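# Structural description and commentary
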Amino acid sequence: MPKFSSSSFNVISPKQRVSDSALTAIGRLANEIKENSEQIWTVYRQNFRNSYHGTAMGVLWNFILPLVPITVYLFLTKIRVFPTFDGVSGATFLTFGVTIWFIFVGFVQLPINTVASRSDEAMKTALPLSASIVSAFATLIFETIIRLCLVIAIVIWTQSWPTLSAPLLFLIFLPAFLLFFGAGLILSVLNVVYKDISRVTTILLTYGLFVSGVIFPMGESGIALINARFNPFAVFVNASREIVFNGQLDNYIPLAVWSGIGVITFVVGARLFYVMEYRIRGLT
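Residues numbered from 1 in each chain as written. Predicted model: local features only at pLDDT ≥ 70, side-chain atom pairs only at ≥ 80, totals over all residues. Heavy atoms only, no water.

### Side note on a nonpolar patch on the surface
Taken together, M57, V59, L60, F63, I64, L65, V68 and V72 make up a surface patch of nonpolar side chains, about 620 Å² in accessible area. Counting only elements with at least two residues in the nonpolar patch, the list comes to α3 (60-64) and α4 (68-78). Element by element, the count of residues in the nonpolar patch is highest for α3, at three residues. Here F63 is to be found in helix α3. (Patch = residues over 30% accessible without salt bridge, like charges linked within 9 Å, V, L, I, M, F, W, Y side chains within 5 Å. Areas by Shrake-Rupley, 256 points an atom, 1.4 Å probe, with all protein chains shown as cover. Salt bridge = Lys/Arg side-chain N within 4 Å of Asp/Glu carboxyl O. Helix = DSSP H or I, 4+ residues; strand = E, 2+ residues; numbered from the N terminus.)

### Here we look at the confidence of the model for the protein
Within the protein, residue pLDDT values average 83, and 85% of them lie at 70 or more. Mean pLDDT across the elements of the protein bottoms out in helix α6 (residues 120-123) (48) and peaks in helix α8 (residues 169-193) (94). Here residues 4-12 is a poorly scored stretch, pLDDT under 50, and it has five contacts once near neighbours within four places are set aside; other chains count. (pLDDT = per-residue confidence, 0-100. Contact = heavy atoms within 4.5 Å.)

### A word on the side chain of S135
On the secondary structure map, S135 appears in helix α7 (residues 129-158). Excluding residues within four positions of it along the chain, S135 makes contact with I40, V43 and Y44.

### Here we look at unusual backbone geometry
If you check the backbone angles, Q159 has positive phi at about 60 degrees while not being a glycine. By relative accessible area, which is 56% here, Q159 ends up exposed. (Buried < 20%, exposed > 50% of the residue type's maximum accessible area, 1.4 Å probe, protein only.)

### Details of the packing of aromatic side chains
Scanning all chains against the criterion turns up 17 aromatic pairs. Taken together, a centroid distance of 5.9 Å and an interplanar angle of 35 degrees make the contact between F107 and F137 tilted. Placement of F107 in helix α5 (residues 90-117) and of F137 in helix α7 is noted, with a sequence separation of 30 residues between them. Both residues of the pair, F107 and F137, count as buried. By relative accessible area, which is 10% here, F137 ends up buried. In textbook terms, an aromatic cluster arises when at least three aromatic residues are bridged by ring pairs, as seen for W101, F104, F107, F137, F173, F177, F180, F181, F233, F236 and F266. In this structure, R147 is placed above the aromatic ring of F102, and the distance from its NZ or CZ to the ring centre is 4.4 Å. (Phe/Tyr/Trp six-rings, centres within 6.5 Å; stacked < 30°, edge-to-face > 60°. Lys NZ or Arg CZ within 6 Å of the ring centre and 35° of its normal.)

Written out as structure tokens, the structure is:
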């Protein structure tokens, strides 16, 4: 019989990651993504093809479906349901806001849905969950690009020109990503134990569209003002519109507070996901 030394095996234990720090967890998750970059691209291409497999219109569905929610609100502005907002046309105000909303919601839901969709057998494959989540994010990026093309066309059509401060939108998106993606990682782990988490999250996000300043501007007094300060979606959606179309932020404090919370949430979420990944995948 052949002899094997202990160095021939890589023993995987759910407990071996518990002692790793948050920075170590983030670094190793980043390495997982880098090492599996080819597989990530392969999974994305397969999902892209499978989404239109067997349909008459083929790949066109991948370009049409992301635009449907945007065109619904665009139609409502054309029949005068929504007026002009602060000098910005209703069409631009709504389509830009809805596009931002879908990005933020995607940051939360993609980790939850990706982990939940992995079957027991798939959990035991070599591809880490972090790589599966990134491949799902590639789909979100593609859909966002499609929506942004329509938004740009509407901006040109309505002549609601962005300000020179528009490139600073990145500085708003970064903390928003940390906050919502970190929350998504935490919820994805909790959803493994409590299956209701994904359903409750979907319901809350569905209603959240109407209380986050996406469709209607937030008020400046009473409950509306409280919501505008303590609802992170409202804070980041409003800040995105202000920096792009007004060229300045009206209130830095809520944005700064939620940005700080975002960093903490991401660090906690990344470490929790890293520590629990082997248990989630059923590796012992």
